[in-house]
Amino acid sequence: MQFSIKKVLPHLLVLVGFVILSLAYFSPVLQGKKIDQSDIRQYIGMSKLQKDFKAQTGKETYWTDSAFSGMPTYQLGAKYPHNYIKKLDLSLRFLPRPADYLFLYLLSFYILLLVLKVDFKLAALGALAFGFSTYLIIILGVGHNSKAHAIAYMPLVLSGILLVFQKKYISGFLLTCVAMALELVANHFQMTYYLMFLVIVVGIVYLIDAYRKKVLPHYFKSVGILMTAVLLSIALNATNILATNEYVKESKRSKSELTINPDGSPKEITSGLDRDYITQFSYGIAETFNLFIPRFMGGGNGENLGKDSATYDAFRKLGATTTQALEESKRAPMYWGDQPIVEAPAYVGSVILFLFVFALFLVKGRLKWWIVGGTILSLLLSYGKNFGILTDFFIDYVPLYNKFRAVSSIQVILELCIPLLAIFGLVRLFNDFEKTEEKIKALKYAVGITGGIAVIFLLFKTSLFDFVGVSDGFYRQNYGQDFVDALKSDRQSIFTSDTLRSLALVLLSAGVVFGFLKGKLKETAVVLLFAALILFDLVGVDKRYVNNDDFVSAIKVNKPFQANAVDQEILKDTTYYRVFDLVSGPSKPSYFHKSLNGYNAAELKNYSEIFDFYISRNNMNVLNMLNTKYIIAQDEKGTMFPYVNEEANGNAWLVKHLKVVETANDEILALDSLDNKHTALIRKDLFNNEKLKSNYQLDSLATINLVEHQPNYLKYKSTNAKDGFAVFSEIHYGNGWKTYIDGNKTDHLRVNYTLRGMQIPKGNHTIEFRFDPDVVKTGSTIALASSVLFGLLLLAGLLFEFKKK
């Protein structure tokens, strides 16, 4: 027992250290404060209705009618029955947010290095390098929580895979299954998809190695075990995966039926997102050096330069007061790279990159090659349109690649790989004592390459770079050439200071390595010195962008929006209607109203297209059919007011005519001039299959009215002496909405490109819509069965290992 405690104690101390570091970096959480994350603010606006519904009824709604006129909540934090892996995830994230994600970064990478048989001290050092990598901290600052969540579990997934290849089949299977299930529960499939690329690179390298060593049976056995583990992890997340798969086919991530753009120009035909949209955030090739020099490209779009800057002086010359100039210089547009918006550089660290280059000349074998292969692939794909030959190939031929945007975010793979190899540089430094000359040679190469790059940039910066940003034309037109010259001057200044900083860190790192090789420093001293250098390097840059100033009172985060006088006036209306807000931003309207607005990267495709064609242009014909009773606008003085639209069609109405159209183009274009109060558009195939009529007779007493509504339930009463056809101002989504007339199940159709329609027999009837998706029931059953199976396998595995020992 005493031996076991001694064996476990160092790891416990490391974990306690991770907790302390996570809380120290985000120390305001200890005061009950929360970080003000822009994306989370939008998410809260989008998800408020479903949370209120859960609080009031104790039940989950899988449909919200507060955003985009209605959509499933699958990508808005929906909770599913029997999702036990989520409970495990919540247990691991026991710290206050966002310290919980930083702790996960550190823990997961630490486990990966332990699996690779690295000493716990170096494993902890590697965890610091990974966890404090600037991009990983930045995404916590802006609220990309699900992305951070998925990234945090990547090293853990690799840990399970590598255990299996180490012939630890049982523990490897169990860890891979759990880690992959946790990866999937993060619900950021883009990050998981990128992880797959790294796993493929690992698989290829291990296959080549197995072939050379004539151990192919072990390789294919390992692959079989891993595939089984992944399948079980998918089953543990069955509900979320099945629901997402069903939803994505109806979202704007899927192929559009349209062949025209809103302006009438031909539309690029793709099974996913538009090519320009996918590659909008393409990493500049020269921008690669941001990984080594933090503000090589100026940093972010809003750098804090302070009073001692040319930009401050330029604002003063333009007539700004000292206070105004100081405020403006705190968000100076320093970034001069290719991307439209950059919050901060994806800085990996000068110290870590020095060690990475050092390791390139010392580390041998398959570990090095899959790390280098993953790094290079990640970097090349992050270039996007700047390396079009590769990007176009992946968009056109690699499955699912065209479903995701912001290609630069694939750099999360190199942000995992670079510190991993860097730590193995230190492993080789501390081992292989007879290879001192080789280590000296590697040190010379590392200093020559990294230090040399910094020196070249310092000596030739004005010859190599013009420091001109893509938006400088705007500033020139509005503020004059002197202001642009001030921006360029500050860009050169911070370029120089950060390059000198990186050069100094390279020389200090080289000095530590040299001191060890000359016997002046012990191994523990080297680890401690590198820990200090890495924390100084990375935390110093991280704090420029995410710091205590980003924290506010919890109440401000929990309730980010306040109802103004216009909102309060509209809320007095207790009927069922929609609001179109032209002033307040994307998700604030959803916080208070049934809104046409919204904030989500995967809204329903047909609605998104209607929005682009008509809603964004304030087309009243379309606003009427969406039952838009209130439009929030501004008058000439900038004062907000609620315009009351008396022409809104209401919740449902009976039409006289069905107009048959051939194609999606015909249908969406016809909406512009359609008399939608009396006529509905329907696609030819639906019209023929359902045996509908072209014309319907309406008497003066025919009515249809909404009498009860919840987000997932709508009840109407209709009266009509003849058979009729009703149009409902509700968004059509065929997977989950079940329709009943007088309790008897029936069908509804898509009309007017995005609405629901239904033929109703003559007489008095009750019509009900219930959102009761079968995918949730099916997925929950699979998740329950899989959880039981995994529990039995875990118990069997533990018993086997216990007997074996």
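For the structure itself, consult the block above.
A brief structural summary. (Residues numbered from 1 in each chain as written. Predicted model: local features only at pLDDT ≥ 70, side-chain atom pairs only at ≥ 80, totals over all residues. Heavy atoms only, no water.)

### Topic: the packing of aromatic side chains
Here is the rule: Between rings of Phe, Tyr and Trp, where Trp is taken as its six-membered ring, a pair exists when centres lie within 6.5 Å; planes separated by under 30 degrees are stacked, by over 60 edge-to-face, and by other angles tilted. Helix numbering and strand numbering both begin at the N terminus, where a helix is a DSSP run of H or I of at least 4 residues and a strand a DSSP run of E of at least 2. Burial classes: relative accessible area under 20% of the type maximum marks a residue as buried, over 50% as exposed, and values in between as partly exposed (1.4 Å probe, protein chains only). The criterion for a charge sitting over a ring is simple: Lys NZ or Arg CZ within 6 Å of the ring centre, and within 35 degrees of the ring normal.
Throughout the structure, instances matching the rule amount to 61 aromatic pairs. Plain terms: the ring middles of Phe467 and Phe495 are 5.5 Å apart, the flat faces sit at 80 degrees to each other, and that makes the pair edge-to-face. Of this pair, Phe467 sits in the loop between α19 (436–464) and α20 (472–479) while Phe495 sits in helix α21 (residues 481–517), placing them 28 residues apart in sequence. According to the relative accessible area criterion, Phe495 is buried, its value standing at 0%. Seen from their ring centres, Tyr577 and Tyr630 are 5.1 Å apart, and the 70 degrees between their planes marks the pair as edge-to-face. Pair noted here: Tyr577 is in the loop between α24 (565–571) and β5 (578–581) and Tyr630 is in strand β6 (residues 628–634), with a separation of 53 residues, a long-range link. Summarising the burial analysis for this pair, Tyr577 and Tyr630 share the class buried. Geometry around Phe769 places Arg756 over its ring, the cationic atom sitting 5.2 Å from the centre.

### Some details on the sheet that holds strand β8 (residues 652–655)
The criterion, for reference: Each pair of strands is called paired provided DSSP finds at least two bridges between the two strands. Only the contacting stretch of a helix is used when fitting its axis, a line to C-alpha atoms as for every element, and angles between N-to-C directions run 0 to 180 degrees.
Spatial strand order, β8-β13-β17-β16: four strands in an open sheet with antiparallel pairing. The two strands at the open ends of the sheet, each matched to only one other strand, are β8 and β16 (749–751). For this sheet, the mean angle separating the axes of adjacent strands, direction not counted, is 40 degrees. Looking at chain direction, strand β13 (residues 724–731) and strand β17 (residues 755–760) are connected through six bridges and run antiparallel. Note that in β17 the partner of Val727 across the bridge is Gly757.

### A short note on the packing of helix α7 (residues 145–165) against helix α10 (residues 216–236)
Stated formally: Helix crossings get a hand from a simple test, with the near helix turned counterclockwise from the far one by less than a right angle marking a left-handed crossing and a clockwise turn marking a right-handed one. For this analysis, residues touch if any pair of their heavy atoms sits within 4.5 Å. Polarity classes work like this: nonpolar for Ala, Val, Leu, Ile, Met, Phe, Trp, Tyr, Cys and Pro, charged for Asp, Glu, Lys and Arg, and polar for all others, with Gly in that last group.
The interhelical angle for the contact between α7 and α10, taken along N-to-C directions, is 145 degrees, at an axis separation of 9 Å. The chirality of how α7 crosses α10 is right-handed. On α10, the residues touching Gly160, Ile161, Val164 and Phe165 of α7 are His218, Tyr219, Ser222, Val223, Ile225 and Leu226. Residues of the contact of α7 with α10, tallied by class, amount to seven nonpolar, three polar and no charged.

### Observations concerning the environment of Met46
Within the element layout of this structure, Met46 appears in helix α2 (residues 38–57). Not counting the four nearest positions on each side in its chain, Met46 is found in contact with Thr64, Ser66, Ala67, Phe68, Met71, Leu76, Ser587, Ser590, Gly598, Tyr599 and Asn600.

### Side note on the nonpolar core
Defined as follows: Residues grouped as a nonpolar core are buried Ala, Val, Leu, Ile, Met, Phe, Trp, Tyr and Cys residues, joined through side-chain atoms within 4.5 Å.
If you look at the biggest cluster of nonpolar residues, it comprises 169 residues, and the most contacted ones within it are Tyr105, Trp370 and Phe530. Considering every element that reaches this core, the biggest residue donor is helix α18 (residues 412–430), with 15 residues. Each residue touching Trp370, except ones within four places of it in the same chain, is listed here: Leu158, Leu162, Leu198, Val201, Val202, Val205, Tyr206 and Leu420.

### Some details on unusual backbone geometry
In this structure, Pro98 follows Arg97 across a cis peptide bond, with omega equal to 10 degrees. For Pro98, the location among the structural elements is in the loop between α3 (84–92) and α4 (99–115). Positive phi, close to 65 degrees, is recorded for Lys117, a residue that is not glycine. Residue position: Lys117 is located in the loop between α4 and α5 (120–131). By relative accessible area, Lys117 is classed as exposed at 65%. The phi angle at Asp742 is positive, at roughly 55 degrees, despite the residue not being glycine. Along the chain, Asp742 falls in the loop between β14 (737–741) and β15 (744–746). A residue is classified by how much of its surface remains accessible, and Asp742, at 41% relative accessible area, is partly exposed.

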